[in-house]
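Descriptive analysis of the structure
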Amino acid sequence: MSDLTRQLQQQVLSARSEGRQLNIVGGGSKAFMGRQSSGDLLDVGQHRGVVSYQPVELVVTARAGTPIGEIEALLEEQGQMLAFEPPRFSDQSTLGGTLACNLSGPGRPWQGSMRDHLLGIRLINGRGEALRFGGQVMKNVAGYDVSRLMAGAMGTLGVITEVSLKVLPRPACQVTLVESMGLDEALRVSNERAATPKPISAVCWWQGKLHTRLAGARSSVESTVQQWGGEPYSEADEFWRQLRDQQLEFFAGDTPLWRFSVSPTAPQPALDGEWLVDWGGAQRWLRAAGDIERYEPVAKEMGGSVTLFKGGDRSGEVFHSQPHALQTLQQRLKRGFDPDSLFNPGRLYSWM
Amino acid sequence: MSELANTRPSPSPNTGPDRGQLAQLFRQFIDPDFVIEDPETQKPYECDGLSMYCEMPLLVVLPETVEQVQQVMKICHQHQVPVVARGAGTGLCAGAMPNRQGVLLSLAKFKRILEIDPLGRTARVQPGVRNLAISEAAARHGLYYGPDPSSQIACTIGGNVAENSGGVHCLKYGLTVHNVLKVELITVEGERLTIGSGGLDSPGMDLLALLNGSEGLLGVVTEVTVKLLPIPEKARVVMAAFDSVQAAGDAVGGIIAEGIIPAGLEMMDSHAIRAAEDFARAGYPKDAQALLLCEVDGTCEEVQEHIERVEQLFHRFGATSIRTSQSEAERALLWKGRKSAFPAVGRISPDYYCMDGTIPRGQLAHVLTEMQKMSEHYGLRVANVFHAGDGNLHPLILFDANVPGEFEKTEAFGAKILELCVQVGGCITGEHGVGIEKIRQMPVQFNPEELAQFHRIKAAFDPAGTLNPGKGVPTLRQCQEYRSIEPPSAEHPAPSSCGGSHV
Ligand SMILES: Cc1cc2nc3c(=O)[nH]c(=O)nc-3n(C[C@H](O)[C@H](O)[C@H](O)COP(=O)(O)OP(=O)(O)OC[C@H]3O[C@@H](n4cnc5c(N)ncnc54)[C@H](O)[C@@H]3O)c2cc1C
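Because the structure is predicted, anything quoted here is derived from the model rather than measured.

Before going further, it helps to examine the overall build of chain B. For chain B, the count of helices and strands is 18 helices and 18 strands. The C-alpha atoms of chain B give 23 Å as radius of gyration, which agrees with the globular expectation for 503 residues (23 Å, within 12%). Of all 503 residues assigned to chain B, the portion counted as buried reaches 58%. Within chain B, contacts between residues at least 6 apart in sequence are counted, and of these 71% link residues at least 24 apart.

In structure tokens:
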């Protein structure tokens, strides 16, 4: 429960002066993500603790090394939650790591992502400067949105030391319906439903079953259940938790796990392997040997991108390639934050 | 990259072609009528919604294709001519104010809605499309675009992206940044980039988030794909009057604590209530000290359930009167007063100046009380209309520009309000942007290292600083004008002479 900003700053400065590179680690639960990286360990996991939480302000601020579970337990006491349902790949999943990877759970299309709920951060850049961007208020457009720039940057821009997030009240009622149907029909049904003003909060298709979660005022959830029919699912909470944390049977084993982040209406491509479709069609998981060069054009055709999320060859590129101009822009941004390339070399792309 | 890049002044006008030569270059590919040189035709472009800041540009151009925009950018890049993009010019921070040595690039001709995908719930539009036009076009599919700035009849989606605009309903539905999926950007070099995708996220750094709110400093937006939302089955608004600002402020906290996220939660103080009522005849109680408008939307059942709870809660927090809309017409009427509050205040004073700080909700009563003291100190009235749900204040300082010195006094008062917002843990702008107007307050919110980091971001996109120069982030030169100069340090020669420290 201590503030280690000074020590972290010191470690960055000495790495800089000694020409060493740093591998930033929170809880280590996402070590499998991104490319293989090198560098000396920079442990943010001990820089932890909730700094402030005022339920009426709907804001929580915590140090980057704080475990997600600890924050969620605190919010739950007040009937609140992190609406983006951060995955916990282990008990050690931290706030900072979740932001760096921009990870969000099943509710993401309806409740928003990690970056959507982000209000502000503190950051140590490659010059060893401790900086603060954004804040603890709901709206802030002074200066560039540096906080959100961190989402998905995989720690390549700096050491996130503190995060402020918007929190929301827990829904009064949740019901999950399960219906048997093929994937093509599931995509059609879930998109049609998403265009109607009903309290949908998650939609996932797996093994011939469409799971639709409704959340909100009791009256509204109940009337929608009546209208749509289908079977209320008694194990629902466990299902969504296992989906969020990738503990469903689908995620087990060593076969490479691919993530397609695409338009929810994109027709399902004919690629071999087992599929699980989350986010109402916008996030599609594939278990298959495959290779990124073959999947990229498919993902592009589907309006999005593909990532080798877990397993497979982590020395090649694992994220969808970037057009040259965007690559240059991100390299320039990297230099602007981390001129000596201290942080997580190559973790995001080989050229970063 | 050299730190000194941050301090580079606006490019020198002497190196490039003069006005006539530049116009000649543009007329080779743009309809000559829309390459504007003469002051009379240029006049409407001299300022945005903050008309105290005016400047005439070298040239105004109105291209009509993306290729023409690219061509304009390339020529300006080649000759190091500043470019200022402009949407509808409703901005309130002088962000679209022209540069005297530069080109004002109006996107007014980019008015087409390119595609609406009802099943995928997206709209792909050109940057000059008005905010409201998107919702109007989507309505026949039962969909709408969430962020609804009060200026939505006029302001453009390109301007909304540039300012990360909010609106009455952003408490529940988010700001522009939460509702944009993809943007086409023309870089300062004239290159065409696509940022974002048809999916909900893209690999790498979140450049899309960086562009939202970047005030035209990083590129010119030529196409925007936005999310559309299903129109709620029902929406109703509860109006509650209170005999003190404190009581109304407590009620705002009460609603949040109750676990309800209203679609909108707006507050007005007594000056604003009276002005709005005289203007809109919405039935506001003119003797109230504070008024809350709380809108609840969702399914019919949900709205019924929440409306009852909101009414009870307002009673519990001592509301002196409560009225709930019984029809769409009544809902529209209750909102009419709020939505016309700015022009209404414009009628009770020759001029008004709109501020835009954000504070933690819990500080509402404190900040309003302090503001009242400042109002007495400066001898200027202040009316308050604001997005109470997310703590975004819009104090309107009433003044008369014809009284010598009164505008200067107003600016000083405004600056004090913004400093107070930062002091209580808030920020200097919630949705209107920094532009030129709030550039002096940037060092109150950010220290020199943070400002330097902003400059490095700018430099990654625009190394020579020709895009909307002098706006958004203070340069060394500007800082020198604002405050006494410390000797520059060896390590941070650029911004070290400006900037304050955190609270
Ligand atoms: C009465 C009134 C009420 C308002 N209410 C609200 C409100 O509720 N919420 C809110 O957030 N704002 C509000 N505003 C402020 C203003 O309407 C918004 O900032 C709006 O987004 C500006 O859009 P615009 O098209 O007028 O942009 P402009 O004023 O033309 O430009 C604004 C900025 O965007 C840049 N820009 C414009 N187009 C582009 C482009 N295509 N590419 C790159 N940069 C571009 C300009 O350079 C400038 O910096 C209000 C203004 C008025 C006058």
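Attention now moves to the site of the ligand. Residues and elements named next belong to chain B. Residues in contact with the ligand amount to 36 residues; listed here are only the nearest, Gly87, Gly91, Gly95, Gly158 and Gly159. Listed by contribution, the elements that provide at least two residues to the shell around the ligand are strand 3 (83–86), helix 5 (157–163) and strand 10 (220–227). If you tally residues by element for the shell around the ligand, the top one is helix 5, at 5 residues.

Of all hydrophobic cores here, the largest spans 248 residues; its most connected members are Val61, Val103, Ala276, Leu291, Leu292, Val345 and Ile397 of chain B. Both domains that meet at this core, namely domain 1 (5–169 + 328–337) and domain 2 (172–253 + 255–310) of chain A, each give it at least three residues. Ala276 of chain B has contacts with Met268, Ala282, Tyr284, Gly337, Arg338, Ser340, Ala341 and Ala344 of chain B, leaving out every residue within four places of it along the chain.

A separate point is the interface of chain B and chain A. Interfaces are often sized by the amount of accessible area the parts lose when they come together. Across the contact, 76 residues belong to chain B and 73 residues belong to chain A. Elements that contribute at least two residues to the side of chain B that touches chain A include exactly helix 8 (207–211), helix 9 (245–257), helix 11 (300–316), helix 16 (442–445) and helix 17 (448–461) of chain B. Across the side of chain B that touches chain A, the residue classes tally to 30 nonpolar, 31 polar and 15 charged.

To continue, consider the packing of helix 10 (residues 324–337) of chain A against helix 17 of chain B. Running from N to C, helix 10 of chain A and helix 17 of chain B point in directions that differ by 155°, and their axes come no closer than 9 Å. Looking at the two axes, helix 10 of chain A sits roughly antiparallel to helix 17 of chain B. Here helix 10 of chain A and helix 17 of chain B pass one another in a crossing that is right-handed. Note on element contacts: helix 17 of chain B touches helix 10 of chain A through Arg456, Ile457, Ala459, Ala460 and Phe461 of chain B, opposite Leu329, Arg332, Leu333 and Gly336 of chain A. Residues that form the contact of helix 10 of chain A with helix 17 of chain B fall into these classes: 6 nonpolar, 1 polar and 2 charged.

All names here are of chain A. Its domain assignment divides chain A into domain 1 (5–169 + 328–337) and domain 2 (172–253 + 255–310). Here domain 1 and domain 2 have C-alpha centroids that lie 27 Å from each other. Listed as interface residues are 13 residues of domain 1 and, on the opposing side, 15 residues of domain 2.

This part is about unusual backbone geometry. Residue and element names in this part refer to chain A. With a phi angle near 60°, Leu58 is a residue other than glycine that sits in the positive phi range. With respect to the helices and strands, Leu58 occurs in the loop between strand 3 (50–54) and strand 4 (59–63). The phi dihedral of Gln207 falls on the positive side, at around 50°, and the residue is not glycine. By the secondary structure assignment, Gln207 is in the loop between strand 11 (200–206) and strand 12 (209–216).

A few words now on helix 17 of chain B. Within an α-helix, residues lying three or four positions from one another point in the same direction, as the helix has 3.6 residues per turn. Its 14 residues give helix 17 of chain B an end-to-end C-alpha distance of 21 Å, which sits within 8% of 20 Å, the value for a rise of 1.5 Å per residue. Counting buried positions along helix 17 of chain B yields 13 of 14 residues, so the element is predominantly enclosed.

All names here are of chain B. Taken together, 4 strands build an open sheet; the order of strands is 1-2-4-3 and the sheet is mixed. The strands lining the two open edges of the sheet, one partner per strand, are strand 1 (35–36) and strand 3. Packed on one face of the sheet, helix 1 (residues 19–27) meets strand 1 and strand 2 (59–61) and runs near 10° to strand 2.

Residues and elements named next belong to chain A. Among the 8 residues in strand 12, 7 count as buried, and that is most of the element. Of the pairings in the sheet, the one linking strand 10 (residues 173–180) to strand 12 comprises 8 bridges and is antiparallel in character. Following the sheet pairing, Gln174 is matched in strand 12 by Ala215. Sheet topology note: the strand 11/strand 12 ladder contains 6 bridges and is antiparallel. Note that in strand 12 the partner of Trp206 across the bridge is Lys209. The loop that links strand 11 with its antiparallel partner strand 12 comprises 2 residues; one of these, Gln207, has a positive phi angle of about 50°.

Residue and element names in this part refer to chain A. With antiparallel pairing, the 5 strands of this open sheet are ordered in space as 3-4-8-6-7. Unpaired on one side and paired on the other, strand 3 and strand 7 (130–134) mark the two borders of the sheet. Going across the sheet, the axis of each strand differs from the next one's by a mean of 10°, ignoring polarity. Sheet topology places strand 3 next to strand 4; 4 bridges connect them, and they run antiparallel.

About the criteria used
- Within each chain, residue numbers correspond to sequence positions counted from 1 in written order.
- Chains carry letters and ligands carry numbers; both start at the beginning, A for chains and 1 for ligands, and go up in the order they are written.
- Per-residue local features of the predicted model are confined to residues with pLDDT of at least 70, and side-chain atom pairs are confined, for both listing and counting, to 80 or more; whole-chain, interface and lining totals are unaffected and use all residues.
- Each helix is a run of H or I in the DSSP string that is no shorter than four residues. Each strand is a run of E no shorter than two, and both are numbered from the N terminus.
- For the radius of gyration, the atoms used are the C-alpha atoms, and the globule rule reads 2.2 Å times the number of residues raised to 0.38.
- Every C-beta atom is placed from the backbone, and the number of other C-beta atoms within 10 Å of a residue's own sets its class: buried at 20 or more, exposed at 12 or fewer, partly exposed in between.
- Residue pairs qualify as contacts under a 7 Å threshold applied to their C-beta atoms, which are placed from the backbone.
- Near, for a residue, is defined by distance from a backbone-placed C-beta atom to a molecule or strand, with 6 Å as the limit that must not be exceeded.
- When buried Ala, Val, Leu, Ile, Met, Phe, Trp, Tyr and Cys residues are joined through C-beta atoms within 7 Å, the set is termed a nonpolar core.
- The domain boundaries here were taken from an automatic or database domain assignment.
- Gly falls in the polar group here, along with every residue not listed as nonpolar (Ala, Val, Leu, Ile, Met, Phe, Trp, Tyr, Cys, Pro) or charged (Asp, Glu, Lys, Arg).
- Note on geometry: axes are lines fitted to C-alpha atoms, helical ones only across the stretch in contact, with angles between N-to-C directions running from 0 to 180 degrees.
- For classification purposes, angles smaller than 35 degrees are called roughly parallel, those larger than 145 roughly antiparallel, those between 65 and 115 roughly perpendicular, and all remaining angles oblique.
- By definition, turning the near helix anticlockwise from the far helix through less than a right angle yields a left-handed crossing, and turning it clockwise yields a right-handed one.
- One less than the residue count of a helix, multiplied by 1.5 Å, gives the span that helix is expected to have.
- Pairing between strands is defined by DSSP: at least two bridges between the two strands are required.

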